[in-house]
Structures are given as C-alpha cells and as structure tokens.
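Residue-level structure breakdown
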Amino acid sequence: MVMSVQFQLSSCLWTPNSPSPQFSGKSPPNRGRFSTSSLAATPTLSSQSPTIQIIGNNTFDGNLGETDLWTGIDTDLYHWTKALRPVQWFPGHIAKAEKELKEQLKLMDVVIEVRDGRIPLSTTHPQMDLWLGNRKRILVLNREDMISTADRNAWAEYFTKLGTKVVFSNGQLGMGTLKLGRLAKELAADVNVKRRAKGLLPRPVRAGIVGYPNVGKSSLINRLLKRRVCSAAPRPGVTRTLRWIRFGKDLELLDSPGILPMRISDQSAAIKLAICDDIGEKSYDVDDVAAILVQMLTKLPTVGRDVLCKRYKFHVDSECGKIFVEKLALHLFNGDVHQAAYRILSDFRKGRFGWTALERPPR
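Predicted model, so just to flag it, every value in this text is computed and none were measured.

Focus on the environment of Ala-329
Tracing the sequence through the fold places Ala-329 in helix H12 (residues 321–332). The exposure class of Ala-329 is buried, given its relative accessible area of 0%. The spatial distance from the C-alpha of Ala-329 to the C-alpha of Gln-339 is 7.1 Å, given a sequence separation of 10 residues.

Right under this line is the structure:
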C-alpha cells in the first residue's frame, strides 16, 4: 500500500522577517528568525517514526554571500533535527578502546587526527584537545576526492590561519600519504635529539592515528605501508582493537578504533555523520536522514533541486525532502520509501550529485 502524505506547504517556509519563537535547551545559531507556524508544520504519515520539521527556503539567492548561504543551511538543519529521534551510537568496543587510547597517548610523539573532509567539524571529538594536551598534532582531511576545489581551498585557508598543520588525503588511492609520513617524522625529529643528549639510542617515532569511525584511518595506514596490514571496509566499527605497526626503521603507527563521544549533543553533526556513513546505521532513521539530505542539497548552488530531479528523471515542485523521497519511491521502487531513501544516500556517497562538502569553515 502506498503511504499517503499530507503537508501544509504554505506553512513550511522560512521568512527572514518572521517573528522569532521561544526555544528551550540549546539555542540555534543566531542567523535568522523563524515563524512559529513553520515549527508547527508536521506531515501526517502512516509511519510511527518522528517527522522532520520542514522549514527553510531552499532557493539559492545569488545576492546572498557564501557565508550567509552556509549559515542559513546550518540554522535550518538545527530546526530540521529538533523533531527527530536523537541519533546516538556507542558500541561497547568504543568504551574499551577509548580507555586504552588514553593510555597509549602517553607513548605518542605525534598524533595524526583523521577527519572526513566532507564534514571536518562534525568529525572531531569534543574531548580531543583535552586528551592531546601539548602533543604535536597533524590534521588529516581524508576523502579529498569527495569535495570540490572550493571546499578544499576554504578549509586549507581556515586551518592555516589557526596554525594547524593540515594534510589532504585520499586513503583509497594513497594521495597525501607520502607528505603525511614525512611531516610526522619532521615534527617528532627532536625526540631522538633529546635521547642522544641523554646517552640513549635513537628509536622510531611513535605516531598515533585517531579519529571517528569510518573516516579512513586504516586505509591511510595501508597506503602508508603500501600493503594491507589493517582491516578496512566502507562501514563504521571495523577496527575494534588498538595495534602498533612498524613503518620502516623510523616510524611506528598506532591504528585505533573509531572513537565517538558517549552522547552526541549536537544532533546537526549527528545527521551529517549519518549522511556520510560515519556512524552505525542502526542509530538513525534512513528515511528521515535522506529527506534532510535532499533539503540540504537543494540549497546548494552546485547541486540544487534540478540536479536531483535530472538524476532520477522526474520533476517535483515541493521543497519538502519527505515528499521528494516518497515521489522517488513511487517512481522507481513501487512505493518503497526505505529503498528510495537508501538510493539517495548511496548516490550522494558515490558522488552522483557531484562532489561537495556539507560544511564550510565558520566565520
């Protein structure tokens, strides 16, 4: 049976001049004001799962600056996630790995933090700075091949201004790995200088590779070593134990499981983790995540609604992601919304809408 959907489209749009409602808990970014009618718009579905608050004007205005565009997306995403079941994922092996990692950090000369280049802010652990202290750090933005040149340049400029050494890499093809290995040795070169001064023999530099699940840590190590020594697969939670690996005579690498906070307080970040497949699938509703992805992509001038419609060879007037997913289900999957949602997420992850980041640096 095909699910019926009813939306009050007239109350689904955000307007810059509408009165601001009262919010409880965490406040959204101060980037616009929302009408109370838009927050109350709730679709009627035969499913019992939570529904997305459909707000925001998905039309790109060329007169808006790029900063306004991205801050507008962030603001809308905050509200879209408010009505959803919270995304939380913390398998038992992560708690054990986190405890072991904190102990191993004491042995590290340099820490290599790997993030997903599509969502660099959402793939940093809130406790990472506290754990690392004054240790030397290299930031790796992996999946360079999955973002545009403009995305890459924006993040390179941002981290350069922060004084952070950043390497862009593609763990699948090995781009950036030589630079990473060389930089790790350079940063930790003073380790053996100090040892010799104390009359000790030199030892390999110890570099720990840390980061969220499925950001490409193990693939990066395999490319550095030019052989498969770490299990790697395109899904979170494959690596479950810590392991030191020798890289030539001068470098030892620690491969560690993906580490997530026990509770993800930023649900906008959690949705981005789900979209990019950096969190366990059981933690989120695929239909809702796909609908939010559609609404994000329609706002981006590099994608837009026309690209989505052209990809699936149908037209939809609505700016609502749920309606888009349901229409795709009718068009290609005999009304199976779940299959349609999977297709949209899979196509994004494979770059079928063009490669684009879902975050830009804050201003």
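Having seen the model, we can carry on.
Points about the pattern of salt bridges
For the coordinates displayed, the defined rule picks out 20 salt bridges. Close ionic contact of Lys-136 with Asp-190 constitutes a salt bridge, the shortest N to O distance being 3.2 Å. Residue Lys-136 is found in strand S2 (residues 136–142), and its partner Asp-190 is found in helix H7 (residues 190–197); the two are separated by 54 residues along the sequence. Look at Lys-136 and you get partly exposed, because its relative accessible area is 32%. In this structure, the salt-bridge partner of Glu-359 is Lys-272, at a minimum N-O distance of 3.1 Å. Separated by 87 residues along the polypeptide, Glu-359 in the segment after helix H13 (337–349) and Lys-272 in helix H9 (residues 267–275) bring together distant segments of the chain. For Glu-359, a relative accessible area of 4% corresponds to the buried category. One continuous salt-bridge network, built from bridges that share partners, spans Glu-113, Arg-115, Asp-129 and Arg-137.

Comments concerning the sheet that holds strand S1 (residues 110–116)
Taken together, the six strands give an open sheet; going across it, the order is S3-S2-S1-S4-S6-S5, and neighbouring strands pair in mixed fashion. In this open sheet, the two strands that pair with only one neighbour each are strand S3 (166–168) and strand S5 (243–247). Strand-to-strand twist across the sheet, computed as the mean angle between neighbouring axes with direction ignored, equals 25 degrees. Of the pairings in the sheet, the one linking S5 to strand S6 (residues 251–255) comprises five bridges and is antiparallel in character. In the sheet register, Arg-243 faces S6, and the bridge partner there is Asp-255. Across the sheet, helix H6 (residues 177–187) is in contact with S1, S2, S3, strand S4 (205–211) and S6; its angle to S2 comes to roughly 170 degrees.

Definitions and cut-offs
- Residues numbered from 1 in each chain as written.
- Predicted model: local features only at pLDDT ≥ 70, side-chain atom pairs only at ≥ 80, totals over all residues.
- Heavy atoms only, no water.
- Helix = DSSP H or I, 4+ residues; strand = E, 2+ residues; numbered from the N terminus.
- Buried < 20%, exposed > 50% of the residue type's maximum accessible area, 1.4 Å probe, protein only.
- Salt bridge = Lys/Arg side-chain N within 4 Å of Asp/Glu carboxyl O.
- Pairing = 2+ DSSP bridges.
- Axes fitted to C-alpha atoms, helices over the stretch in contact; angles between N-to-C directions.
- Contact = heavy atoms within 4.5 Å.

Functional significance is not addressed by these values, which are geometric in nature.
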